[in-house]
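Close look at the chain arrangement
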Amino acid sequence: MSYADIRAECEELQIGPLLWELLVEVCERVSRRYPPDPYNYRELWTEESHRDLALETALERLLAERQLDYVLAIADDAPVGGQEDTLTRLLAFQVRRVLNHRRSVTVVDRLLVRIRALIGSEPFRTTEVGSDIGVSIAGGDNEADALTESDVHRGVQIIDSIPRLASLPSAKRESKVYKAADLQDLVERLVDAFGAVLLADIRRILEALLTAWLPTVLQDDEEDHASRATPELELERSQMNELITTLAQGLDPVQRLVLIGKSQGVPDGELADRVGRSRPWVADRKAEALDRVQQELIAELPTLLHDEAVRGLLDAVMVLEEADS
């Protein structure tokens, strides 16, 4: 089976037997790194579940989101002889996106459960605001209003210094993200800053803070793709994919390492040990990498695509790391 054979088949059938066979093989290989709970609905990985994953990837990513054309276009531009390897890596990228989206309960969801329990007692006061809950300090008379995007950004800055628990790849359970006392401090800071705050806005602030750099911990609460698939947004998404590819390929190995480490909560000291350099040196490289992400990716896209873009970049970086390993 050659890339030319697969490409000719795709011209005629889109997804025919050759591409399907390769996709199933990729699903089998990629899924080994993902535990059945929660990535396979708590069922053991089997030949049938690999085919189910391949079908989900084909229908939801390659066809519904038109990623097949993108994958083939990138593979077409690869050097002759390396096109099949490029295709395989790009298919693995799509499979990982499907696996990441399978997680139905996010860390932010879990944090909100803890926050709901926390605000049920002093020093907090809660009020019903439509279908939402407003949080303020007991004894106060402030009423919660929806925060603007600028307010959300300010909220992120207010709580960013609160220590977060690392989520290591070897951990058997997901990180709680915040200790109990730190989570209370977080809510108190937001209430103090805004007088009162809606639970929905606490969620927005947490997602803005955590989603970009904790993709292995915080999985996005997927909205219906069709509800936001406007022609204008799809054009922006196409540009996003090009930006991701360019940026991922332009990062040097150390920048890739620190981005992956940052996403997994690996301390700078541990990353420094891995590359045999000092912790300040690694911190500088991390700052450079994050600045590139901000300038070359985030700044070029609408807010609605920021989280998706960062996740896509980290997926692409992981593909490159696996190819080099």
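See the structure shown above.
Please read these numbers as outputs of a predicted model, since none were measured by experiment. (Residues numbered from 1 in each chain as written. Predicted model: local features only at pLDDT ≥ 70, side-chain atom pairs only at ≥ 80, totals over all residues. Heavy atoms only, no water.)

Pairing within the open sheet is antiparallel, and its 3 strands lie in the order 1-2-3. Both outer strands of the open sheet, strand 1 (124–129) and strand 3 (196–198), are each paired with one neighbouring strand and no more. Direction aside, neighbouring strands of the sheet carry axes that sit 25° apart on average. Across the sheet, helix 10 (residues 199–210) touches strand 2 (132–137) and strand 3, and the angle it forms with strand 3 is around 80°. (Pairing = 2+ DSSP bridges. Helix = DSSP H or I, 4+ residues; strand = E, 2+ residues; numbered from the N terminus. Axes fitted to C-alpha atoms, helices over the stretch in contact; angles between N-to-C directions. Contact = heavy atoms within 4.5 Å.)

Let's shift gears to a negative patch on the surface. There is a patch of like negative charges on the surface, built from E21, E25, E28 and E47. Considering every element that reaches the negative patch, the biggest residue donor is helix 2 (residues 17–31), with 3 residues. Owing to a relative accessible area of 41%, E25 belongs among the partly exposed residues under this scheme. (Patch = residues over 30% accessible without salt bridge, like charges linked within 9 Å, V, L, I, M, F, W, Y side chains within 5 Å. Areas by Shrake-Rupley, 256 points an atom, 1.4 Å probe, with all protein chains shown as cover. Salt bridge = Lys/Arg side-chain N within 4 Å of Asp/Glu carboxyl O. Lys, Arg positive; Asp, Glu negative; His and termini not counted. Charge placed at Lys NZ, Arg CZ, Asp CG, Glu CD. Buried < 20%, exposed > 50% of the residue type's maximum accessible area, 1.4 Å probe, protein only.)

The next subject is the pattern of salt bridges. One pass over the full model with this rule turns up 9 salt bridges. A salt bridge links R189 to D185; its shortest N-O distance comes to 3.2 Å. Of this pair, R189 and D185 both sit in helix 9 (residues 180–194), 4 residues apart, which is roughly one turn of the helix. Accessibility expressed as a relative area gives 26% for R189, which makes it partly exposed. With its nearest N and O atoms 2.7 Å apart, the salt bridge here joins E288 to R285. Of this pair, E288 and R285 both sit in helix 14 (residues 279–296), 3 residues apart, which is roughly one turn of that helix. Among the ionic contacts, a cluster of salt bridges with common partners joins R7, E11 and D76.

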